[in-house]
Amino acid sequence: MQELPIEFFTEEIEFEVKNEEKVKTWLLEIISKYDFELESLNYIFCSDEYLHQMNVEYLEHDTLTDVITFDNSDFDGVIEGDVFISIDRIVDNATTFNISPEEELHRVMAHGLLHLLGFDDKTPEKKALMRTKENECLDLLKL
């Protein structure tokens, strides 16, 4: 199998993505669905504290969040980005929404990728569309 330019890293925590190759193939399928080219995509799994510090430093938001996405691409239609995800938030949100942490992780991974694909969630209408797109992405995942 060819090596995909999708990488998983951790900061300040120990964490491993289950079914890593299938998850990478799923992410590539999402990218292909939107006719984007993949240059590189990094997911960095971290703690609440780590992501909170990034939120303050880079976005000037003094709040906890589950995901921050950085689009590093210089070209339209090309994915080159970093998606930081707080595993602490994933676990807490999964409990709140009464779903598995793995399902919540996949939703947030798709959410970060959707930002790189041009979707945002800054208005109620855009949030609703983002949720629809997340659900479409999750429907593609066959583990």
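Residues numbered from 1 in each chain as written. Predicted model: local features only at pLDDT ≥ 70, side-chain atom pairs only at ≥ 80, totals over all residues. Heavy atoms only, no water.

Focus on the overall build of the protein chain
And then number 1: Each helix and strand in the protein chain was counted, giving 5 helices and 4 strands.
And then number 2: From first element to last, N terminus to C terminus, the protein chain shows the α and β order β-α-β-α-β-β-α-α-α.
And then number 3: For 143 residues, the compact-globule formula gives about 15 Å, and the C-alpha radius of gyration of the protein chain, at 14 Å, lands near that figure.
And then number 4: Principal axes of the C-alpha set define a box for the protein chain whose edges measure 35 × 30 × 30 Å.
And then number 5: A buried classification covers 43% of the 143 residues belonging to the protein chain.
And then number 6: Considering only contacts in the protein chain between residues 6 or more positions apart, those separated by 24 or more positions represent 63%.
And then number 7: In the structure as shown, the protein chain presents an accessible area of about 8,200 Å², 47% of it carried by carbon and sulfur atoms.
And then number 8: Across the protein chain, the mean location of the 12 positive side-chain charges is 9 Å away from that of the 34 negative side-chain charges. (Helix = DSSP H or I, 4+ residues; strand = E, 2+ residues; numbered from the N terminus. Rg over C-alpha atoms; globule rule 2.2 N^0.38 Å. Buried < 20%, exposed > 50% of the residue type's maximum accessible area, 1.4 Å probe, protein only. Contact = heavy atoms within 4.5 Å. Areas by Shrake-Rupley, 256 points an atom, 1.4 Å probe, with all protein chains shown as cover. Lys, Arg positive; Asp, Glu negative; His and termini not counted. Charge placed at Lys NZ, Arg CZ, Asp CG, Glu CD.)

Some thoughts on helix α2 (residues 48-59)
And then number 1: End to end, α2 covers 15 Å across 12 residues, agreeing with the expected 16 Å (1.5 Å per residue, within 8%).
And then number 2: Those residues of α2 that fall on the buried side of the exposure criterion are Asp48, Leu51, Met54 and Asn55. The buried residues of α2 occupy one face: seen down the axis, they fall within an arc of 130 degrees.
And then number 3: Lining the buried residues of α2 we find β2 (37-46), β3 (67-71), β4 (78-86) and α3 (87-97).
And then number 4: Once α2 ends, the next one or two residues include Glu60, with phi positive near 55 degrees. (Expected span 1.5 Å × (residues − 1). Arc of directions from axis to C-beta.)

Describing the UniProt feature "binding site: Zn(2+)" (unreviewed entry) in the protein chain
And then number 1: Per the UniProt record, "binding site: Zn(2+)" (unreviewed entry) is found at His111, His115 and Asp121.
And then number 2: As for its position among the elements, His111 is in helix α4 (residues 101-116).
And then number 3: Judged by its relative accessible area of 12%, His111 falls in the buried class.
And then number 4: Those residues in contact with His111, other than ones at most four positions away along the chain, are Val67, Asp121, Met130 and Glu134. (UniProt positions renumbered as here; feature names shortened; annotations may be inferred.)

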